[in-house]
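Fold and contact review
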Amino acid sequence: MKIKIILVDDDLTSRNTIKTLLLGSQVYEVVCDFSDPKEALNWLAENDTQIVFTDMSMPQMNGIEFIRMARSIRQDLVFIAISGYDDYNYLRECMRNSVSDYLLKHQLSKEILINVLDSSCQRYGLKTNKAEENKENSNQWARALFDQENPNFEKIRKNIRNGIINIDTTELVVVIINPDYTLKVDKTEINFQKNYPSHITMILSDICNQIISTKYKHVIYITGEDNVVVLFSFADIASIQYILSTISILINRIRNMAKRLLGLTLTVGISGICKSFEELFNQYHKLLQLMEEKLYLGGNRIFHHDEMVPDRSSSYFLCPELLQSIEYAVCSQDYELVKAKIDTIFHDIRKAHCDRMNIEITCEKLTENMQDILEKNGIKDTHTLLIPIRHFEFLEQYKKYALTVCLNTSEQIREHIRTRFSPPVFQAINYINQHLGENISLEDCAEYVGISYTHMSRLLKKETGMGFAECLNKARINKAKSLISEGDIFIKDVVEKSGFHNYNYFFKVFRDIEGVTPSEYIKRAKHQIKT
């Protein structure tokens, strides 16, 4: 029994073209065509079909409106959009409405049309004939080859000999295509739909089918990691140069169309010409390792099998001293210092060339630390990030995430202080934090706030329990502790950078506030790190 198709398009020439291309098909049958989408909706209410081709721009009703109304009649319909325009907005709306494919009228050919129909039937489980079953078998062995650790190579060769798989056993080339998702991190979340990668790879798979067509023997497979894998066999081509040139041309066309239609660049891995599936399997896994380098190098590049896989055995450890220093910067709303600390972390990560898991663990540890800071300050986290970092692909995305987490925490602390204290005291605390290294006085602070120094003193004592000098000294000691925690700094430098201009006075204040001398504090901190 054939798969039933209807056409909805106000362009008679377009409808006739599709009917002509499908004429004589043993699998597909155009049962009806309409120039008016309203007539098509009435027909769908009383008749049966599996696939609907619809134009995206019609005078009575546009394609998106028609698809939505048709779905209210029949949920199981498969839609294929056709258009005379290469319009990204239409394509985006098609993705949102789960349209199977998007075809341009001026690029239609019999091969492209059949490939798109076959792919749609496979995706939505529409059964056709033995050839469709063979496609499923093809997917099964591709899954074994590209998604399993120990494929049965002999079984693959047997299926090829039996004609189940339309591929040769020699002169094999594998191409891995990985979309570059440029996710933007904002203050609280990113817009990343759950099924976005699978939608993109399905469209990429169809783009590959259209460009490669039936000219070269190939199999296209979408892996569990949402990579598009294209396996070519060139057993009937003797020229190595011709094979390499052909692959290069096809990949460039695929990249250009992906950029035009999806607005995405692609990272691509290309194997050498392999004589066996065993050799292909090894090169495939080496390419996957090489392509992990987009984490550091960025996307929109091509990796070749003969490149050297970098060493990623080094790890990065987020040490307690650095966490304490970040805590000070966050709590004092020193945004420049926060940025400097994050820069340091990711400079060290890049230098160590850590793997992705190590970077994710570092980001998670930093997030936990920020949550602990909020808890210590009696603040309920209201800005929890909803960013799925597992979808990040570039080091800069992780860095932006880490900086955003810290700045969000700092802003929440600032808001907590603002609501806890009166405006004059809030301004005074900010003034103190911003001028720690300067020789400031109560009079200076009062002048900045715009009240008398006696009133300023009374407000500070009433709301913080401390006078101006105590507030200033406590802030300077916190700064000193942050500097000490960084290590590799002399005490005299700590004294100067924290705003104390008298060495003995620094020691006295430090002991009064912390209960230990600076030297004892350093020893205690080192002991805590060891344990």
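None of these values were measured; they are calculated from a predicted model.

Broken down by element type, the protein chain carries 22 helices and 10 strands. Expressed as a percentage of its 531 residues, the buried residues of the protein chain come to 50%. Intrachain contacts of the protein chain at a sequence separation of at least 6 include 68% that bridge at least 24 residues. With an accessible surface of roughly 26600 Å², the protein chain has 49% of that area assigned to carbon and sulfur atoms.

Okay, unusual backbone geometry next. In this structure, Gln333 takes a positive phi of about 55° despite not being glycine. Looking at the element boundaries, Gln333 is found in the loop between helix 12 (320-331) and helix 13 (335-352). A positive phi is found at His353, a non-glycine position, where the angle reads about 55°. Summarising the element assignment, His353 is placed in the loop between helix 13 and helix 14 (356-376). For His353, a relative accessible area of 19% gives the class buried.

Once that is clear, we can look at the pairing of strand 2 (residues 28-34). Bridging between strand 1 (residues 3-8) and strand 2 involves 6 bridges; their strand directions are parallel. Its bridge partner lying in strand 2, Ile3 is registered against Tyr28. Once the chain exits strand 1 it traverses helix 1 (residues 12-21) before rejoining the sheet at strand 2, and the crossover so formed is right-handed.

Here we come to the sheet that holds strand 10 (residues 302-304). Spatially, 5 strands are ordered 7-8-6-9-10 in an open sheet, and the strand pairing comes out mixed. The open sheet is flanked by strand 7 (217-222) and strand 10, the only strands paired with a single partner. Sheet twist, expressed as the average angle between the axes of neighbouring strands with direction ignored, equals 15°. Across 6 bridges, the pairing between strand 7 and strand 8 (residues 228-233) is antiparallel. What sits directly across from Ile220, in strand 8, is Val230. Those strands touched by helix 9 (residues 240-262) are strand 6 (172-179), strand 8, strand 9 (266-270) and strand 10, and its axis lies near 165° from that of strand 9.

With burial as the criterion, each face of strand 5 (residues 101-104) is covered, one bearing Asp101 and Leu103 and the other bearing Tyr102 and Leu104. Bridging between strand 4 (residues 78-83) and strand 5 involves 4 bridges; their strand directions are parallel. Its bridge partner lying in strand 5, Ser83 is registered against Leu104.

Looking now at the sheet that holds strand 5. One open sheet holds the 5 strands; their spatial order is 2-1-3-4-5, and the pairing between them is parallel. With one partner strand each, in any of the chains shown, strand 2 and strand 5 form the two edges of the open sheet. Each neighbouring strand pair of the sheet contributes to a mean axis angle of 25°, computed without reference to strand direction. Two elements, strand 3 (residues 51-55) and strand 4, share 5 bridges in a ladder whose sense is parallel. Paired with Val52 across the strands is Phe79, a residue of strand 4. Strand contacts of helix 2 (residues 37-44): strand 1 and strand 2, with the helix running at about 125° to strand 2, the strand carrying the most contacts. Across the sheet, helix 5 (residues 110-124) is in contact with strand 1, strand 2, strand 3, strand 4 and strand 5; its angle to strand 4 comes to roughly 150°.

So, about the packing of aromatic side chains. Here the structure, examined in full by the defined rule, presents 15 aromatic pairs. An angle of 15° between the planes, with centres 5.6 Å apart, marks the rings of Phe232 and Phe234 as stacked. As far as the burial class goes, Phe232 and Phe234 line up, both buried. Directly above the aromatic system of Phe500 lies the positively charged group of Arg476, at a separation of 5.9 Å from the ring centroid.

We now examine the environment of Tyr216. Looking at where Tyr216 falls in the secondary structure, it is placed in the loop between helix 8 (196-212) and strand 7. Note: C-alpha distance between Tyr216 and Phe232 (16 residues apart in sequence) is 7.2 Å. A polar contact of 3.4 Å, which involves the side chain of Tyr216, links it to the side chain of Tyr242.

Turning to the environment of Ala142, a few remarks are in order. Secondary-structure assignment places Ala142 in helix 6 (residues 130-147). The spatial distance from the C-alpha of Ala142 to the C-alpha of Thr223 is 8.8 Å, given a sequence separation of 81 residues. Aside from chain neighbours lying at most four places away, what touches Ala142 is Asp147 and Tyr221.

In terms of nonpolar packing, the biggest core is built from 56 residues, with Ile342, Ile345, Phe346, Ile349, Ile359 and Leu366 touching the most fellow members. Here the element with the most residues in this core is helix 15 (residues 395-420); it accounts for 9 residues. When residues no more than four places from it in sequence are discounted, the contact partners of Ile359 are Leu295, Tyr296, Phe346, Ile349, Cys354, Leu395 and Tyr398. Val175, Ile200, Met257 and Ala258 belong to the second largest nonpolar core, which has 32 residues in total.

For the rest of this paragraph, the subject is the packing of helix 16 (residues 423-434) against helix 17 (residues 442-449). How two helices pack is summed up by the angle between their axes together with the distance between the axes. Viewed as axis vectors pointing N to C, helix 16 and helix 17 meet at an angle of 125°, and their least axial separation amounts to 9 Å. With respect to helix 17, the element helix 16 is oriented oblique. The way helix 16 lies across helix 17 gives a crossing that is right-handed. Mapping the contact onto sequence places Pro424, Gln427, Ala428 and Tyr431 in helix 16 and Asp444, Cys445, Tyr448 and Val449 in helix 17. Residue classes in the contact of helix 16 with helix 17 are distributed as 6 nonpolar, 1 polar and 1 charged.

On to the environment of Thr223, then. For Thr223, the location among the structural elements is in the loop between strand 7 and strand 8. Since its relative accessible area comes to 5%, Thr223 is described here as buried. Separated by 47 residues in the primary sequence, Thr223 and Ile176 place their C-alpha atoms 9.8 Å from one another. Setting aside its immediate chain neighbours within four residues, Thr223 contacts Phe146, Asp147, Val229 and Tyr284.

Where like charges cluster on the molecular surface, the negative patch consists of Glu364, Glu368, Asp372 and Glu375. In this structure, Glu375 sits in helix 14. Overall, the relative accessible area of 63% leaves Glu375 in the exposed class.

It is worth spelling out the side chain of His435 at this point. Following the sequence through the fold, His435 ends up in the loop between helix 16 and helix 17. His435 sits in the buried class, given a relative accessible area of 18%. Of the polar contacts made by the side chain of His435, one reaches the backbone oxygen of Tyr431; its length is 2.8 Å.

Parameters at a glance
- Residues numbered from 1 in each chain as written.
- Predicted model: local features only at pLDDT ≥ 70, side-chain atom pairs only at ≥ 80, totals over all residues.
- Heavy atoms only, no water.
- Helix = DSSP H or I, 4+ residues; strand = E, 2+ residues; numbered from the N terminus.
- Buried < 20%, exposed > 50% of the residue type's maximum accessible area, 1.4 Å probe, protein only.
- Contact = heavy atoms within 4.5 Å.
- Areas by Shrake-Rupley, 256 points an atom, 1.4 Å probe, with all protein chains shown as cover.
- Pairing = 2+ DSSP bridges.
- Right-handed = clockwise from strand over helix to strand, strands pointing away.
- Axes fitted to C-alpha atoms, helices over the stretch in contact; angles between N-to-C directions.
- Phe/Tyr/Trp six-rings, centres within 6.5 Å; stacked < 30°, edge-to-face > 60°.
- Lys NZ or Arg CZ within 6 Å of the ring centre and 35° of its normal.
- Polar contact = N/O pair within 3.5 Å; in protein donor to acceptor, adjacent residues only side chain to side chain.
- Core = buried A, V, L, I, M, F, W, Y, C linked by side-chain atoms within 4.5 Å.
- Parallel < 35°, antiparallel > 145°, perpendicular 65-115°, else oblique.
- Left-handed = near helix turned anticlockwise from the far one by under 90°.
- Nonpolar A, V, L, I, M, F, W, Y, C, P; charged D, E, K, R; others polar.
- Patch = residues over 30% accessible without salt bridge, like charges linked within 9 Å, V, L, I, M, F, W, Y side chains within 5 Å.
- Salt bridge = Lys/Arg side-chain N within 4 Å of Asp/Glu carboxyl O.
- Lys, Arg positive; Asp, Glu negative; His and termini not counted.
- Charge placed at Lys NZ, Arg CZ, Asp CG, Glu CD.

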